[in-house]
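Now for the letters of each chain:
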Amino acid sequence: MNTNAAATPSASAASVSDGPSAAHGRISRRIGAIAPSATLAVDAKAKELKAAGEPVIGFGAGEPDFPTPEHIVRAAQEAAADPRNHRYSPTAGLPELKAAIVRATERTDGVVVDPAQVLVTNGGKQSVYQTFATLLDPGDEVILPAPYWTTYPEAIRLAGAREVEVLAGADQGYIPTIDQLEAARTPATRAVVLCSPSNPTGAVMTREQITELGRWALEHGMWVVSDEIYQHLTYDGAEFVSVLEAVPELADTCVLLNGVAKTYAMTGWRVGWTIGPRDVIAAASNLQSHLTSNVSNVPQRAAIAALDGPQDAVDEMRAAFDRRRRAIVDKLSGIDGFRVPTPLGAFYAFPDVTAVIGREVAGRPIGSSADLATVILEEAQVAAVPGEAFGAPGHLRFSYALADAELAEGIDRVAALMAR
Ligand code: PMP
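Here the residue numbers are simple positions, counted from 1 along each chain's written sequence. Note on the predicted model: pLDDT of at least 70 is required for a residue's local features to be given, and 80 or more for side-chain atom pairs to be given and counted; whole-chain, interface and lining totals, by contrast, use all residues. Side-chain numbers here rest on the full set of heavy atoms in the structure, without hydrogens or water.

1. Details of the layout of surface pockets
- Of the two site types, the cavity is a set of points on a 1 Å grid over the protein atoms alone where a 1.4 Å probe fits but cannot get out, and the pocket is an open set with protein on both sides within 12 Å along at least five of seven lines, each lined by residues with an atom within 4 Å of a point. Grid points are joined across faces, edges and corners, and a volume is the space filled by probe spheres set on the points. Here the largest pocket is characterised by a volume of approximately 490 Å³.
- Looking at the largest pocket, it is lined by 26 residues, and the ones nearest its centre are Gly-62, Lys-125, Trp-149, Lys-262 and Thr-267.
- For the lining of the largest pocket, the secondary structure elements donating two or more residues are helix 3 (38-51), helix 6 (123-135) and helix 7 (151-158).
- Start and end points for every domain follow an automatic or database-based domain assignment. For the lining of the largest pocket, the two domains that each supply at least three residues are domain 1 (35-64 + 313-418) and domain 2 (87-308).
- Taken as a whole, the second largest pocket holds about 400 Å³ of empty space.
- Lining the second largest pocket are 22 residues; nearest its centre among them are Ile-34, Lys-125, Thr-151, Glu-154 and Ala-155. A run of DSSP states H or I qualifies as a helix once it reaches four residues; a run of E qualifies as a strand once it reaches two. Both are numbered from the N-terminal end.

Here's what the structure looks like:
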């Protein structure tokens with residue numbers, strides 16, 4: 001019998017105000033251990049300051065600043081009026097969208113899959129979570145190259161597994177060597193994560209690097225979880241290469257994660273997908289059938305228009321990102337203490353700022369990149385995300401998905417602050 005005083009309404013109310021819920025076991029250890037998304041937190045703080053009238057320029061958000069292309073929005077408007085879309089649909093996705101994803105995968109990845117290997121998810125984020133939940137058991141280890149996107153370690157831990165970080169710094173263009181990965185491998189290793197083009201660094205692995213990594217994973221029988229969400233955003237002739245195309249023998253031990261968010265300026269629409277072996281997709285669909293069921297039908301119809309329709313808007317957005325990329329790299333490189341490898345993909349610049357740590361900026365001591373991000377936000381009204389969020393203290397992430405004039409002014413403000 002539960003003799004806990006918290007069973008009475010008044011005591012229960014007291015315990016809410018009294019304090020640390022974890023100590024009372026109110027929140028599970030599993031969920032209580034999740035860190036809030038640092039990137040969303042920086043964005044929220046910047047928006048809060050902006051709403052309070054501060055002239056904040058935000059380099060925090062990982063999303064295109066363009067509206068979704070018109071023909072995609074029109075497809076959604078038509079879909080909303082069609083009663084076919086007002087009902088539950090298959091958990092794994094509308095057959096028409098799965099077919100469009102199969103075509104897009106062949107076009108972009110050079111990989112042929114069938115619709116039973118596709119699971120449509122509520123954004124790429126749900127793909128990440130479900131993939132680790134489906135592949136991992138407690139005690140398993142996942143090799144996670146750092147700097148990494150902030151969601152991976154949380155999703156790995158939610159599956160009861162553990163991430164083993166392999167840090168590759170600016171000196172190696174943020175790309176780990178096979179020797180570094182091999183040093184992290186143990187009998188418990190189940191998977192390795194690959195994200196090229198990378199969030200947060202913008203690094204793009206060459207065909208040789210991807211092939212080498214894929215062969216190494218194959219040799220040791222580990223899963224490759226490859227996040228390809230930035231596949232259309234590469235610059236300076238850098239080529240996107242899918243690990244599954246480079247090493248087709250991985251067909252049975254590779255999962256690809258993708259979505260429309262970054263390519264088509266559709267972050268708010270929440271459509272992503274997982275591609276993998278049939279058994280993995282069937283198991284992950286079972287999980288999704290209890291979690292969220294089908295992704296909202298209207299955004300699924302919009303995603304069909306995105307994948308099957310004209311791609312001119314993608315080219316235009318890529319050209320704008322490229323222009324901003326050059327501008328931001330040029331300006332950041334001129335700041336004393338910032339070291340900026342040229343990003344070849346995605347829409348992030350990731351300066352190494354370790355030289356600034358230990359200095360004072362605007363009379364304030366800088367003990368970490370988190371301190372530097374705070375001082376830059378408070379003194380220059382510029383929001384960037386500290387490297388701590390990506391397993392890479394000593395760095396800052398600047399998203400350059402913002403208007404050219406704002407970008408220029410924002411980095412000029414940082415430069416002026418650092419020169420004070
Ligand atoms: N993967 C990476 C590397 C990302 O940066 C993001 C978005 N920040 C996602 C996946 C998820 O995107 P979404 O859930 O918006 O589709």
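2. Let's talk about the nonpolar core
- We define the nonpolar core as a collection of buried residues of types Ala, Val, Leu, Ile, Met, Phe, Trp, Tyr and Cys that are connected through side-chain atoms lying within 4.5 Å of one another. Each residue is placed in one exposure class: buried if its accessible area under a 1.4 Å probe, protein chains only, is under 20% of its type's maximum, exposed if it is over 50%, and partly exposed if it falls in between. Membership of the largest hydrophobic core comes to 63 residues, with the highest contact counts inside it found for Leu-97, Ile-101, Val-192, Trp-216, Val-224, Tyr-264 and Leu-307.
- Residue contributions to this core reach at least three from each of two domains, namely domain 1 (35-64 + 313-418) and domain 2 (87-308).
- Contacts were defined at the residue level, with two residues in contact if any of their heavy atoms lie within 4.5 Å. The contact partners of Val-192, leaving out residues within four places of it in the chain, are Ile-143, Leu-213, Trp-216, Ala-217, Met-222, Trp-223, Val-224 and Val-225.
- Counting 40 residues, the second largest nonpolar core, distinct from the first, contains Phe-59, Val-382, Tyr-400 and Ile-411.

3. Points about helix 15 (residues 404-419)
- End to end, helix 15 covers 22 Å across 16 residues, agreeing with the expected 22 Å (1.5 Å per residue, within 8%).
- Buried residues belonging to helix 15 abut strand 1 (57-58), helix 13 (312-333), strand 10 (360-361), helix 14 (369-380), strand 12 (382-383) and strand 14 (396-399). Take the number of residues in a helix, subtract one, and multiply by 1.5 Å to get its expected span.

4. A closer look at the domain arrangement of the chain
- With domains assigned, the chain is organised as domain 1 (35-64 + 313-418) and domain 2 (87-308).
- Computed over C-alpha atoms only, the centres of domain 1 and domain 2 are separated by 26 Å.
- Facing the 33 residues of domain 1 at the interface are 31 residues of domain 2.
- Together domain 1 and domain 2 conceal approximately 2,500 Å² of surface at their shared face, both sides included; 59% is due to carbon and sulfur atoms.
- Any carboxyl oxygen of Asp or Glu within 4 Å of a side-chain nitrogen of Lys or Arg constitutes a salt bridge here. One can count two salt bridges joining domain 1 with domain 2.
- Taken together, the elements giving at least two residues each to the side of domain 1 that touches domain 2 come down to helix 3 and helix 13.
- Per-element tally for the side of domain 1 that touches domain 2: the top contributor is helix 13, with seven residues.
- Residue type decides the class: Asp, Glu, Lys and Arg count as charged, Ala, Val, Leu, Ile, Met, Phe, Trp, Tyr, Cys and Pro as nonpolar, and the leftover types, Gly among them, as polar. By residue class, the composition of the side of domain 1 that touches domain 2 is 18 nonpolar, seven polar and eight charged. When two parts are brought into contact, each loses some accessible area as probed by a 1.4 Å sphere; the total of that loss over both is the buried area.

5. What about the sheet that holds strand 13 (residues 385-386)?
- Here, any two strands with at least 2 DSSP bridges between them count as paired. The antiparallel open sheet is built from three strands, whose spatial order is 9-14-13. Whereas interior strands pair on both sides, the edge strands pair on one side only; in this sheet they are strand 9 (348-349) and strand 13.

6. Points about the site of the ligand
- In the vicinity of the ligand there are 13 residues, among which Gly-124, Asn-199, Asp-227, Lys-262 and Arg-270 approach most closely.
- Two N or O atoms count as a polar contact when they lie within 3.5 Å, although within protein this holds only if one can serve as hydrogen donor and the other as acceptor, and sequence-adjacent residues are included solely when both atoms are side-chain atoms. Between an oxygen atom of the ligand and a main-chain N or O atom of Lys-125, the distance comes to 2.9 Å.
- In the environment of the ligand, a nitrogen atom lies 2.6 Å from a nitrogen or oxygen atom belonging to the side chain of Asp-227.
- Surface accessibility in these figures is a Shrake-Rupley result with a 1.4 Å probe; residues are shielded only by whichever protein chains are displayed. Calculation on the ligand without its partners gives an accessible area of 400 Å², and the protein chains cover 92% of this total.
- Occupancy of a cavity or pocket is assigned to a molecule whenever over half of its atoms lie within 2 Å of that pocket's grid points. Most atoms of the ligand, that is more than half of them, are within 2 Å of grid points of the largest pocket. For this purpose, a residue is taken to be near a molecule or strand whenever a single non-hydrogen atom of the residue falls within 4 Å of it.

7. Some points on the pattern of salt bridges
- Applying the stated criterion across every chain, the model contains 26 salt bridges.
- With a closest N to O distance of 2.8 Å, Arg-103 and Asp-308 form a salt bridge. In this pair, Arg-103 is assigned in helix 5 (residues 95-109) and Asp-308 in helix 12 (residues 297-308), connecting sequence segments 205 residues apart.
- Since its relative accessible area comes to 42%, Arg-103 is described here as partly exposed.
- The network of salt bridges with shared partners includes Asp-65, Arg-323, Arg-324 and Asp-404.

8. What to know about the pairing of strand 4 (residues 162-167)
- Pairing geometry for strand 3 (residues 141-146) and strand 4, over six bridges, is parallel. Along strand 4, the bridge assignment pairs Ile-143 with Val-164.
- On the question of chirality, the crossover connecting strand 3 to the parallel strand 4 by way of helix 7 is right-handed. Note on handedness: a crossover is taken as right-handed if, strands pointing away from the viewer, the path from the first strand over the helix to the second is clockwise.

9. Re unusual backbone geometry
- Each neighbour pair has its own omega, and for Ala-146 with Pro-147 the value is 0°, a cis peptide bond.
- Residue position: Pro-147 is located in the loop between strand 3 and helix 7.
- Geometrically, the link from Ser-196 to Pro-197 is a cis peptide bond, its omega value of -5° lying close to zero.
- Of note, Pro-197 is situated in the loop between strand 5 (189-195) and helix 9 (207-219).
- For Asp-236, which is not a glycine, the phi torsion comes out positive at approximately 55°.
- In the Ramachandran plot, Ala-346 falls in the positive-phi region, its phi being about 60° despite a non-glycine side chain.
- Among the secondary structure elements, Ala-346 is positioned in the loop between helix 13 and strand 9.
- The exposure class of Ala-346 is buried, given its relative accessible area of 0%.

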